[in-house]
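Structural overview
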Amino acid sequence: PRRFIRQTVQCRSRSRVKNESDSWHHGTIMELSTGGCFLITYEPLPIESEMELEIWDLSDTVMKVEGQVVWIRAWTDGPELPGMGLAFDLSSVPPELAKALGRVIV
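Residues numbered from 1 in each chain as written. Predicted model: local features only at pLDDT ≥ 70, side-chain atom pairs only at ≥ 80, totals over all residues. Heavy atoms only, no water.

Some thoughts on the side chain of serine 49
- Inspection of the secondary structure assignment puts serine 49 in the loop between strand S3 (36–40) and strand S4 (50–55).
- When neighbours within four sequence positions are excluded, serine 49 is seen to be in contact with Gly67, Gln68 and Val69. (Helix = DSSP H or I, 4+ residues; strand = E, 2+ residues; numbered from the N terminus. Contact = heavy atoms within 4.5 Å.)

Have a look at this one:
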């Protein structure tokens, strides 16, 4: 069972391998919780990649979290949308994200 309730959203994002300067990848977040997200992208990062994610359009400011890629699905894997599943480093989740999702981090 999931530890966090996922919510269906549709917001823009940018992601990159942690500490890389200008290698941003654009995507759309379709499912989001305070523990992670599903991000549509045609350029998924390798599994276990440590990454930085910017979440746009969910509040007045761009929210930043850190996490790790836990699974990927390529465009050639079938009819489902391509992308990657991310697990967030909970210490990096801003309170604004929990507020935007209507859930308090305990």
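Back to the write-up after that little detour.
Here's the deal with the sheet that holds strand S5 (residues 63–73)
- Taking strand neighbours around the barrel as the criterion, the six strands line up as S1-S2-S3-S6-S5-S4 in a closed arrangement whose pairing is antiparallel. The average angle at which neighbouring strand axes cross in this sheet is 45°, direction not considered.
- One ladder, built from five bridges, connects strand S1 (residues 7–17) with S4; its direction is antiparallel. Across the sheet, the residue bridging to serine 13 is isoleucine 55, located in S4. (Pairing = 2+ DSSP bridges. Axes fitted to C-alpha atoms, helices over the stretch in contact; angles between N-to-C directions.)

Here's the deal with the packing of aromatic side chains
- For the coordinates displayed, the defined rule picks out one aromatic pair.
- For the ring pair phenylalanine 38 and tryptophan 71, a centre distance of 5.6 Å and an interplane angle of 5° mean the geometry is stacked. Remark: tryptophan 71 occurs in strand S5 and phenylalanine 38 occurs in strand S3; sequence separation between them is 33 residues.
- For tryptophan 71, a relative accessible area of 29% corresponds to the partly exposed category.
- Note that arginine 14 overlies the ring of tryptophan 24, its terminal NZ or CZ placed 4.0 Å from the centroid. (Phe/Tyr/Trp six-rings, centres within 6.5 Å; stacked < 30°, edge-to-face > 60°. Buried < 20%, exposed > 50% of the residue type's maximum accessible area, 1.4 Å probe, protein only. Lys NZ or Arg CZ within 6 Å of the ring centre and 35° of its normal.)

Describing the pairing of strand S6 (residues 83–88)
- Taken across its six residues, S6 has five buried, putting it largely inside the fold.
- Strand direction decides the pairing type here: S3 and S6, joined by five bridges, are antiparallel. When the bridges of S6 are listed, glycine 36 appears paired with alanine 87.

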